[in-house]
Amino acid sequence: MVYNRFQERSARRQAQRTFASSHADVLLDGRREPAAEPRRSAPQPGVALAEKIDYVIDVELPSPQARAVIWESWLAVERRFSRRVQLAGTDQPTARSLRAALQLISREGVVSDAELLEFRSMVETMAAQLGASARAPEMRAALDGARELDRTCAEADIQVALHVVGIGAGPAEFPDQPFQATPREDGVTLTLDVARTAEPSRTYEAMVRAGRQLAQARGGRLVDDQGHDLDERALAAIGRELESVRQSLAACGIEAGSPLALRVFS
C-alpha cells in the first residue's frame, strides 16, 4: 500500500550515469524546450529560495539600467537548465541586486558536479559581459548539503494506494479531492502522493472514507495490493506513518504540499 520512490530515483540516477555523455551540454532528463520563448524586460520576483535546495549566486549589476538587458544573456541559461533555474530580483526598478539560482534537488536526485560547474560558469560569464560582479558559494559544500537533504527526501517520497474492488469498471469521481482515482478492471485505485499533499494525514483520512463509501454503495471491498481486506488497525498504522513522514520533511524546512515541496518533489 505504501510505495517508496527511493528505488525508482536510484534507478533513474544509475541510468543517467550509465548513458550520460561527458560533454557538458548534454541534457540528462530528456526535457523538450518550448518552440518560442517569451521576451521579458526585467527579472521578476521568484519563489522563495531555500538553503540546501538552491545554489544561489548573488549578482550586483553596474547600474539599474542593466536590469533591462540582462535577460538577453539569461535566456541562454534558461534554455540549458529549463525550469530548474530562476533569476530573482525585487520589484524596485532602481535595485541592482539579483539572485541567480539553480535548484539542486528534485525527484531525479541531486544535480551533478558538472552541471553545477556549468551553471556557475554561465552566470559568471554573463555577469562579466554586463560589467557586473558575481558572488558564488563554495560548490562542494553546497553539493554535500544537497545530497544529505536528498537522502531524507528519498525516504519521505512515498505514495499510498487503496483499492476498491468488486464494483466493476464503472466511473468513480471524487471532485475537489487532492488524491487521485485511477480506474482498474474490477474497480478503482485511490492514490495519495504524500509529499505533494498539504495535510497528508487529513487527506488520507478523506481518501479512506471515500473508498469505504464507494465500496459500501456498490457492494465492493477495500483492499491492499495483495487483495487483502483492510481493517481499522492496518489503516490506522498507515496514517501514523504518514504523520511521521510529514514531520520528517518539516524538520528539514519542507512542509508537505507547500510550494517548496512541489518544487523538490517534481
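This one's a predicted model, so the numbers in the text were calculated from it and none came from an experiment.

The rules behind these values
- Residues numbered from 1 in each chain as written.
- Predicted model: local features only at pLDDT ≥ 70, side-chain atom pairs only at ≥ 80, totals over all residues.
- Heavy atoms only, no water.
- Helix = DSSP H or I, 4+ residues; strand = E, 2+ residues; numbered from the N terminus.
- Buried < 20%, exposed > 50% of the residue type's maximum accessible area, 1.4 Å probe, protein only.
- Contact = heavy atoms within 4.5 Å.
- Disulfide = S-S within 2.5 Å.
- Pairing = 2+ DSSP bridges.
- Axes fitted to C-alpha atoms, helices over the stretch in contact; angles between N-to-C directions.
- Parallel < 35°, antiparallel > 145°, perpendicular 65-115°, else oblique.
- Nonpolar A, V, L, I, M, F, W, Y, C, P; charged D, E, K, R; others polar.
- pLDDT = per-residue confidence, 0-100.
- Left-handed = near helix turned anticlockwise from the far one by under 90°.
- Core = buried A, V, L, I, M, F, W, Y, C linked by side-chain atoms within 4.5 Å.

### Description of the overall build of the chain
Turning to step 1, where the next piece is worked out: When helices and strands are counted, the chain shows 7 helices and 11 strands.
Turning to step 2, where the next piece is worked out: Expressed as a percentage of its 266 residues, the buried residues of the chain come to 43%.
Turning to step 3, where the next piece is worked out: Put simply, 73% of the contacts in the chain that link residues at least 6 apart link residues at least 24 apart.

### Concerning the state of the cysteines
Turning to step 1, where the next piece is worked out: For the coordinates displayed, the defined rule picks out 0 disulfides.
Turning to step 2, where the next piece is worked out: Not engaged in a disulfide, the cysteine Cys153 finds its nearest cysteine sulfur in Cys252; these two sulfurs lie 6.4 Å apart.
Turning to step 3, where the next piece is worked out: Cys153 gets classed as buried once you look at its relative accessible area, which sits at 1%.
Turning to step 4, where the next piece is worked out: Assessed through its relative accessible area of 34%, Cys252 is described here as partly exposed.

### Some remarks on the pairing of strand β4 (residues 97–103)
Turning to step 1, where the next piece is worked out: Across the 7 residues that make up β4, a large majority, 5, are buried.
Turning to step 2, where the next piece is worked out: In the sheet, strand β2 (residues 54–60) pairs with β4 via 7 bridges, with the strands oriented antiparallel. The residue bridging Val56 from the neighbouring strand is Ala101, located in β4.
Turning to step 3, where the next piece is worked out: In the sheet, strand β3 (residues 85–88) pairs with β4 via 4 bridges, with the strands oriented antiparallel. Looking at β4, one finds that Gln86 is bridged to Ala101.

### So, the packing of helix α2 (residues 70–81) against helix α3 (residues 113–130)
Helix-helix packing is described using two parameters, namely the angle between the two axes and the distance between the axes.
Turning to step 1, where the next piece is worked out: Two elements in contact, α2 and α3, have axes whose closest approach is 10 Å; the angle formed by their N-to-C orientations is 170°. Between α2 and α3, the crossing angle belongs to the class labelled roughly antiparallel. Two secondary-structure elements touch here, α2 through Ile70, Ser73, Trp74, Ala76, Val77, Arg80 and Phe81 and α3 through Glu115, Glu118, Phe119, Met122, Val123, Met126, Gln129 and Leu130.
Turning to step 2, where the next piece is worked out: Looking at the contact of α2 with α3 residue by residue, the classes come out as 10 nonpolar, 2 polar and 3 charged.

### Here's the deal with the environment of Leu214
Turning to step 1, where the next piece is worked out: Mapping Leu214 onto the fold places it in helix α5 (residues 200–217).
Turning to step 2, where the next piece is worked out: Overall, the relative accessible area of 11% leaves Leu214 in the buried class.
Turning to step 3, where the next piece is worked out: Along the chain, Leu214 and Val188 lie 26 residues apart, while their C-alpha atoms are 9.5 Å from each other.
Turning to step 4, where the next piece is worked out: Beyond its immediate stretch of four places on either side in the chain, Leu214 contacts Val164, Ile167, Ala172, Phe174 and Val188.

### A look at the sheet that holds strand β7 (residues 133–135)
Turning to step 1, where the next piece is worked out: One open sheet holds the 4 strands; their spatial order is β3-β4-β2-β7, and the pairing between them is antiparallel. Strand pairing shows two members of the sheet lacking a second neighbour, β3 and β7, which therefore form its edges. Averaged over neighbouring strand pairs, the angle between their axes works out to 20° when direction is ignored.
Turning to step 2, where the next piece is worked out: As paired elements, β2 and β7 share 3 bridges and run antiparallel to each other. The residue bridging Glu60 from the neighbouring strand is Ser133, located in β7.
Turning to step 3, where the next piece is worked out: With respect to the sheet, α3 is in contact with β2, β3, β4 and β7, its orientation differing from that of β2 by roughly 10°.

### Some details on the environment of Gly239
Turning to step 1, where the next piece is worked out: Looking at the element boundaries, Gly239 is found in helix α6 (residues 232–251).
Turning to step 2, where the next piece is worked out: With sequence-adjacent residues up to four places away left out, Gly239 is seen in contact with Ser201 and Tyr204.

### Topic: the confidence of the model for the chain
Turning to step 1, where the next piece is worked out: Taken over all residues, the pLDDT of the chain has a mean of 83, while the share at 70 or more is 80%.
Turning to step 2, where the next piece is worked out: For the stretch residues 15–43, pLDDT sits under 50, and the model shows 36 contacts to residues farther than four places along the chain or on other chains.

### Here we look at the packing of α3 against helix α4 (residues 139–156)
Turning to step 1, where the next piece is worked out: For the pair α3 and α4, interaxial distance at closest approach is 11 Å and the crossing angle is 130°. By the angle class used here, α3 and α4 are oblique. Note that α3 runs across α4; the crossing there is right-handed. Along its contact with α3, which presents Asp113, Leu116, Leu117 and Arg120, the element α4 presents Met139, Arg140, Leu143 and Arg147.
Turning to step 2, where the next piece is worked out: Here the contact of α3 with α4 is built from residues that sort into 4 nonpolar, no polar and 4 charged.

### A closer look at the nonpolar core
Turning to step 1, where the next piece is worked out: By size, the foremost hydrophobic cluster in this structure holds 63 residues, and its most contacted members are Trp74, Phe119, Tyr204 and Ile254.
Turning to step 2, where the next piece is worked out: Ignoring any residue separated from it by four or fewer positions in sequence, one finds Trp74 in contact with Val85, Gln86, Leu87, Ala100, Phe119, Val123 and Met126.

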